[in-house]
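Spelled out, the chains give:
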Amino acid sequence: MNGKILIVDDLHPVFKIMAEQLGYEVDDLPLITRAETLAVISGYDGIAVRTKFKIDRELMEAAPGLKFVARAGAGLDNIDEAYAKERNIKLLNAPEGNRDAVGEHAMGMLLSLINTHRKADMEIRNGIWDREGNRGWELKGKTVGIIGYGFMGSSMARKLSGFEVKVLAYDKYKTGFSDAYAQECSMEEIVKHSDVLSLHIPLTSETRQMVDEEYLYHFKKNIFFINTARGEIVNTKAVLAAIKSGKILGAGLDVLEVEKFPALAEQDWFTELKESEKVILTPHVGGWTFDSYRKISEVLADKLEQI
Ligand SMILES: O=C(O)C(=O)COP(=O)(O)O
């Protein structure tokens with residue numbers, strides 16, 4: 001036996017099957033609570049999770065034999081990476097499994113925004129047939145700025161190929177990554193030239209609230225903004241102000257500063273957000289498709305071989 005893994009979240013059954021083939025004993029308990037996990041985790045070598053709860057210091061301390069945390073998804077922001085490093089606990093994730101889902105979701109939002117799908121759909125349901133007020137834009141000839149050129153950002157760039165746009169990408173931690181899909185450039189160039197801004201960076205202490213009033217101020221007027229990364233990277237009030245001033249023509253937000261109800265409804269910006277016809281909202285499902293559900297688990301199980 002290779003060790004014992006506790007699955008605490010909804011992972012595709014293929015993860016357990018593949019892990020067992022590698023010699024692991026696997027307990028698949030998707031409904032387990034954090035308190036219950038704390039009580040049993042000492043008996044495990046690995047934990048497999050999505051974003052149900054934080055894998056923080058307290059949880060890892062309760063697991064003296066923990067060798068790895070397998071994150072069935074991309075973002076590691078719900079894991080205390082510094083403490084895991086200190087303890088030599090390996091972190092595995094599976095962005096290869098949902099990069100296409102995120103890229104396609106971001107594209108879907110962008111195409112919907114530039115063609116006013118949301119507004120037009122609502123109007124027709126309310127008996128309004130307004131062709132002039134629902135004239136859209138085309139992507140062709142525009143410049144799309146991608147912040148973060150990892151699995152997600154490069155997926156978005158690939159999805160954009162064929163739309164005859166110029167794609168500029170900035171990644172703080174990478175250089176020399178220009179490829180057939182995107183041209184590497186500085187943050188300043190993105191800010192100066194972009195008609196579309198799409199975020200594909202992780203949430204870290206550096207990126208928290210990065211997109212604020214000051215950041216948006218320097219962009220051109222009439223940009224479209226897409227966030228499929230993490231809500232806390234963005235100051236929602238600044239985005240709403242930019243929509244009001246006409247700087248942002250439309251925003252597609254799959255992630256929000258505060259997610260889930262009732263907490264979301266309690267935010268002082270929520271009423272304005274939900275009433276804006278220039279905003280498209282989805283409940284953090286960009287990376288969560290029927291296809292990625294399986295792919296994420298396969299990728300993650302394959303990576304168990306690295307342990
Ligand atoms: O893969 C990611 O980073 C995601 O945001 C997906 O979130 P989830 O694991 O579905 O809660």
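If you check an unreviewed UniProt entry, the protein appears there as Phosphoglycerate dehydrogenase from Pedobacter cryoconitis. Check the Sequence similarities (unreviewed entry) section of the UniProt entry for the protein; it says "Belongs to the D-isomer specific 2-hydroxyacid dehydrogenase family."

With an omega of 10 degrees, the peptide bond running from Phe261 to Pro262 counts as cis. On the secondary structure map, Pro262 appears in the loop between strand S11 (248–253) and helix H11 (270–275). You will see that Glu164, though not glycine, has its phi angle at about 55 degrees, which is positive. Structurally, the position occupied by Glu164 is in the loop between helix H7 (151–160) and strand S7 (166–170).

This next bit is on the site of the ligand. In the vicinity of the ligand, the contacting residues are Arg50, Thr51, Arg71, Ala72, Gly73, Ala74, Gly75, Asn98, Arg230 and His284. For the ligand, an oxygen atom lies 2.9 Å from a polar atom in the side chain of Arg50. The fraction of the free accessible surface of the ligand (310 Å²) that becomes covered by protein chains is 89%.

Attention shifts here to helix H6 (residues 117–125). Among all positions of H6, only Lys119, Ala120 and Glu123 are buried. Seen from one end, H6 has its buried residues packed into an arc of 95 degrees, which puts them on one side. Directly after H6, the chain includes Gly127, whose backbone phi takes a positive value near 80 degrees.

Calculation criteria
Residues numbered from 1 in each chain as written. Predicted model: local features only at pLDDT ≥ 70, side-chain atom pairs only at ≥ 80, totals over all residues. Heavy atoms only, no water. UniProt positions renumbered as here; feature names shortened; annotations may be inferred. Helix = DSSP H or I, 4+ residues; strand = E, 2+ residues; numbered from the N terminus. Near = heavy atom within 4 Å. Polar contact = N/O pair within 3.5 Å; in protein donor to acceptor, adjacent residues only side chain to side chain. Areas by Shrake-Rupley, 256 points an atom, 1.4 Å probe, with all protein chains shown as cover. Buried < 20%, exposed > 50% of the residue type's maximum accessible area, 1.4 Å probe, protein only. Arc of directions from axis to C-beta.

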